[in-house]
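Each chain is listed here by its residues.
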Amino acid sequence: MRVRTEDSGKNFAVVVGATGISGRALCRELAQRGWRVAGLSRRALTSLDGVESVQADLTDAESVRSALAGLDLTHVFFTAWSRMPTEAENITVNSAMVRHVLDVAGPSGHVRHVALVTGLKHYLGPFEAYATGETRDTPFHEEEPRLPAPNFYYAQEDELWKAAERYQFTWSVHRSHTIIGHAVGNAMNMGMTLAVQAALCRTEGRPFVFPGNEVQWNGVTDMTDAGLLARQMIWAATTGDVPSQAYNTANGDLFRWRWMWPRIAELLDVEPEGYLARPRPLEEQMAGEADTWRRLAEREHLAEPDITRVASWWHTDSDLNRPIECFTDMTRSRSAGFTEYVHTLTSFATLFDTLRRERVIPG
């Protein structure tokens, strides 16, 4: 295997999925460290200083080949995924996206490391049986065997391992929990979704109602800051004695939503209302609010009037209605030398400040 190094002047990374929560944070972190960075995405990048925008359809091998042609890459950071109607389609599409990128980047012989972001569906099962079939016990440990169910995360890992053997690069897999970060148009963005929920509640004078179930309200959980995820990926990609393996990625603190919810409400200047008798999902609470948001965006001169690009009700409902508590064991990272920590409430506060500054939500 090739020796890893963080001689930033010699590193040229492509961040696949650069418009997403983890991709944007990673682009910023790499650029700040002096790396040459190409951000690969379907849409052109905006407001990412020091990042070259590269556009491609990841499901089209020829589109990827054309986009990456001539780029002498040393590192690949894969943060993209595409949700399809069935898990069989998820497997076909998402494994192909990994394969298309590595089939272009790998043969050059210059790629030293490839890092892949996955998540807790590795332990909880795919969307079609999310946290309802066989799952692993908490805290989740990286060495536990795969679940006996089709899962596109497993298919992505298989493509990564085959390419690593073929092209002789080191690799890492980063299993994040729910990510806190800023990316307009992202399909899985709890922090921004809660901020939009709060803005609508404040506008209409109603309480900020917890949308989840009793298990999540009372159970232990953790989350992942996008910046911490970026730094763990860079650490794994540039630290010479770190073995190629999977790493859980979480902030390091644990909390219960019954503790967190009123504190988020305070940050967003709304009156909290916790779990009462039954779940009250956001898809139910926020039904018909698209026009209200559009009027609010016009009145407050907000950046995005389309509510579907700033809130993903389905994703937050899914996370906050899981029938089991979810948190990860971080021993593998800590033992290998990655000891960073982010306080989750501070992560939320930082995100909300960013959303106000960039006029995504009212000030």
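Everything numeric here is computed off the predicted structure, so don't read it as measured data. (Residues numbered from 1 in each chain as written. Predicted model: local features only at pLDDT ≥ 70, side-chain atom pairs only at ≥ 80, totals over all residues. Heavy atoms only, no water.)

Undergrad: When you look at helix H9 (residues 257-267) in this model, what are you seeing that I'm missing?
TA: In an α-helix, one turn spans 3.6 residues; hence positions three or four apart end up facing the same way. When H9 is considered as a whole, its buried residues turn out to be Trp257, Met260, Trp261, Ile264 and Ala265. The buried residues of H9 all sit within an arc of 135° when viewed along its axis, so they share a single face. Of the residues trailing H9, aspartate 269 is marked for its positive phi of about 60°. (Buried < 20%, exposed > 50% of the residue type's maximum accessible area, 1.4 Å probe, protein only. Helix = DSSP H or I, 4+ residues; strand = E, 2+ residues; numbered from the N terminus. Arc of directions from axis to C-beta.)

Undergrad: Hey, could you run me through the sheet that holds strand S2 (residues 36-41) in this one?
TA: Strand order in the open sheet formed by 7 strands is S3-S2-S1-S4-S5-S6-S11, with parallel pairing between adjacent strands. Both outer strands of the open sheet, strand S3 (51-55) and strand S11 (245-249), are each paired with one neighbouring strand and no more. Neighbour-to-neighbour, the strand axes of this sheet turn through a mean angle of 20°, independent of strand direction. When strand S1 (residues 12-16) meets strand S4 (residues 75-78), the two strands line up parallel, connected through 4 bridges. Looking across to S4, one finds that valine 14 is bridged to valine 76. (Pairing = 2+ DSSP bridges. Axes fitted to C-alpha atoms, helices over the stretch in contact; angles between N-to-C directions.)

Undergrad: Before we go on, may I ask you to explain the layout of surface pockets in this structure?
TA: To find leftover empty space, one rolls a probe the size of a water molecule over the atoms. Empty space within the largest pocket amounts to approximately 1,000 Å³. Along its surface, the largest pocket is lined by 44 residues, and Thr79, Ala80, Trp81, Ser82 and Asn186 are the ones closest to its centre. In terms of residues, the lining of the largest pocket owes the most to one element, helix H12 (residues 313-319), which gives 4 residues. Each residue belonging to the lining of the largest pocket can be placed in one class, and the counts come to 19 nonpolar, 18 polar and 7 charged. Here the second largest pocket is characterised by a volume of approximately 450 Å³. The wall of the second largest pocket is formed by 21 residues, among which Ala25, Arg28, His182, Thr350 and Thr354 lie closest to the centre. (1 Å grid on protein atoms, 1.4 Å probe; cavity = no way out; pocket = protein on both sides within 12 Å on 5 of 7 lines; lining within 4 Å. Points joined across faces, edges and corners; volume = space filled by probe spheres on them. Nonpolar A, V, L, I, M, F, W, Y, C, P; charged D, E, K, R; others polar.)

Undergrad: Would you explain the pattern of salt bridges in this entry?
TA: Between side chains of opposite charge, a pair can form as their charged atoms come close. Inspection of every chain in the model, using the stated rule, returns 22 salt bridges. Residue glutamate 159 pairs with arginine 99 through a salt bridge whose shortest N-O separation is 2.8 Å. Here glutamate 159, found in helix H5 (residues 152-167), pairs with arginine 99, found in helix H3 (residues 87-105); they are 60 residues apart in sequence, far enough to count as distant. For glutamate 143, the salt bridge identified is with arginine 332, shortest N-O distance 3.9 Å. Taken together, the residues span a long stretch of sequence, with glutamate 143 in the loop between helix H4 (121-124) and H5 and arginine 332 in helix H13 (residues 331-336) at a distance of 189 residues. When its relative accessible area of 54% is taken as the criterion, glutamate 143 is described as exposed. With a relative accessible area of 21%, arginine 332 lands in the partly exposed category. (Salt bridge = Lys/Arg side-chain N within 4 Å of Asp/Glu carboxyl O.)

Undergrad: How should the packing of helix H2 (residues 61-68) against H3 be read in this particular structure?
TA: As a packed pair, H2 and H3 sit with axes 9 Å apart at the nearest point and diverge in direction by 40°. As judged from the angle between their axes, H2 and H3 are oblique. By crossing handedness, the relation of H2 to H3 is classed as right-handed. Taken together, the residues of H3 that come into contact with H2 (itself represented by Ala61, Val64, Arg65 and Leu68) are His100, Val101 and Val104. Looking at the contact of H2 with H3 residue by residue, the class counts come to 5 nonpolar, 1 polar and 1 charged. (Parallel < 35°, antiparallel > 145°, perpendicular 65-115°, else oblique. Left-handed = near helix turned anticlockwise from the far one by under 90°. Contact = heavy atoms within 4.5 Å.)

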